[in-house]
Amino acid sequence: IITSVCAVLTETSKPETPKPETSKAVLTVQPEPSQIFRGETVTLTCDIQGEGWTYRWKCDGRDYTSKEKEFKITAEFTQKCMCKGCRGSVCSYWSDKVTLTVSDKPRVTVKPQSSVFTGDTVTLSCDVGRSTEQGVFWYKDFKIIKSGDETETLRDVRVSDGGEYSCGVIRENNSTTLGHRVTLTFRERPKAVLRVQPDGRVFRGETVTLICDIQESDVTSWNYTWNKDDSEIHVSQSQEYRISSVSESHTGQYSCSGRETRGSRYTHTSDEVTLTLSGEFFQVQFSQFSNCSVFYWQLLHICSCPSL
């Protein structure tokens, strides 16, 4: 009986053969997983103790295998990735999942969106798709012009201010990502030209038409403003301003300008045109002769009638 008990004790106290130690993979991502822009190359690194591993990667259901601990993918959308390694029949535990948050590259928006004239103000906004504490850099023709805010204002623009504008953000590793570029073209502000019909001498009682011409512009609809002696007298979408039966009260300095109907663009004011009267004008139609008229200019009398 004693012998049997000893045999049982010896069997149960025999130590187990140690199993190979199983490690857990650690996945790191460059650039930072929360700062990835669409289309960028992302480097996944799978760290496991020891050597000789064959690495397996899994990103949202897609499997990849590599002998190298680093694996590169092109980020097109937000996804979760993890990795592990195997040596023969021994595999590590899967790493924790890492979320790759993908956003669009910085994009510049411009206000106003239409073509801009010299002297106007233009506001550029940098949409980074997420908050950034590192600030924004502004570029013109690939050269840094300013750093700081996500909004850049160009005031009193000139033709030379035109070019390719873009913005970029600085990451935690001090690398800069440059966004999409926009091309800005600034045109000389057009100047209105005022014409008068008739363009010769004007007499009392005549009808005078003022015409405001605006050229070299892509604006399709203007509101025209008419001024007399520096005071606004009329606003209309018609480029013509008609004065019927001209008198001394209509004499003075006239000018015109245009402002975009559904926008903010405007022209320079035209040069002034002086309207003066040269004398009285009368026209009398004789009922007896359909082609006979008598015209009077002050003391000058002209009669044009068919011979009887």
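Residues numbered from 1 in each chain as written. Predicted model: local features only at pLDDT ≥ 70, side-chain atom pairs only at ≥ 80, totals over all residues. Heavy atoms only, no water.

A.B. asks: Describe in detail the pairing of strand β25 (residues 240-243), supporting the description with residues and values.
C.D. replies: Of the two faces of β25, only the one carrying Y241 and I243 is buried; E240 and R242 on the other face are not. In this structure, strand β22 (residues 208-213) lies alongside β25, joined through 4 bridges in antiparallel fashion. Among the inter-strand pairings, L210 is bridged to a residue of β25, identified as Y241. (Buried < 20%, exposed > 50% of the residue type's maximum accessible area, 1.4 Å probe, protein only. Helix = DSSP H or I, 4+ residues; strand = E, 2+ residues; numbered from the N terminus. Pairing = 2+ DSSP bridges.)

A.B. asks: Provide a residue-level description of the sheet that holds strand β1 (residues 26-30), including the pertinent values.
C.D. replies: Across the sheet, 3 strands lie side by side as β1-β3-β6; this open sheet has antiparallel pairing. Looking at strand neighbours, the two that pair on one side only are β1 and β6 (70-74), the edges of this open sheet. Across this sheet, the average inter-strand angle for adjacent strands is 25°, counted without regard to direction. Two elements, strand β3 (residues 41-47) and β6, share 5 bridges in a ladder whose sense is antiparallel. Across the sheet, residue T41 finds its bridge partner in β6, namely T74. (Axes fitted to C-alpha atoms, helices over the stretch in contact; angles between N-to-C directions.)

A.B. asks: Hey, could you go over the state of the cysteines for me, with residue numbers and the actual values?
C.D. replies: Counted by the stated rule, this structure contains 5 disulfides. Between C212 and C256 runs a disulfide, and the two sulfur atoms are separated by 2.1 Å. Around the S-S axis, the bridge from C212 to C256 shows a dihedral of about 85° and counts as right-handed. Of this pair, C212 sits in strand β22 while C256 sits in strand β26 (residues 252-260); the two residues are 44 residues apart in sequence, bridging distant segments of the chain. Exposure class is identical for C212 and C256. Each is buried. (Disulfide = S-S within 2.5 Å.)

A.B. asks: Pulling in residues and values, what's your account of the packing of aromatic side chains?
C.D. replies: As enumerated under the stated definition, the model contains 4 aromatic pairs in all. Measuring from ring centre to ring centre gives 5.6 Å for W57 and F71, while their planes differ by 20°; the resulting arrangement is stacked. Note that W57 is positioned in strand β4 (residues 54-59) and F71 in strand β6, a separation of 14 residues in sequence. Residue W57 is classed as buried on the basis of its relative accessible area, which comes to 0%. Directly above the ring of W53 sits R87, whose terminal nitrogen or CZ lies 4.1 Å from the centroid. Across from the ring centre of F117, 5.6 Å away, lies the NZ or CZ of R265, which sits over that ring. (Phe/Tyr/Trp six-rings, centres within 6.5 Å; stacked < 30°, edge-to-face > 60°. Lys NZ or Arg CZ within 6 Å of the ring centre and 35° of its normal.)

A.B. asks: Just give me the short version of the side chain of S23, but keep the residues and values in it.
C.D. replies: Residue position: S23 is located in the loop between α1 (2-12) and β1. Contact partners of S23, with chain neighbours within four places excluded, come to I48, Q49, S92 and Y93. (Contact = heavy atoms within 4.5 Å.)

A.B. asks: Explain the confidence of the model for the chain to me, and be specific about the residues and the numbers.
C.D. replies: Considering every residue of the chain, the mean pLDDT works out to 81; 81% of them sit at 70 or more. The low-confidence segment residues 1-19, where pLDDT is below 50, has 0 contacts with residues more than four positions distant or belonging to other chains. pLDDT under 50 marks residues 282-308. Its contacts with residues more than four places away, or in other chains, come to 44 contacts. (pLDDT = per-residue confidence, 0-100.)

A.B. asks: Give a description of the pattern of salt bridges that names residues and reports values.
C.D. replies: Scanning the entire structure with this criterion turns up 16 salt bridges. We note a salt bridge from E240 to R242, for which the minimum N-O separation is 3.8 Å. Overall, the relative accessible area of 54% leaves R242 in the exposed class. (Salt bridge = Lys/Arg side-chain N within 4 Å of Asp/Glu carboxyl O.)

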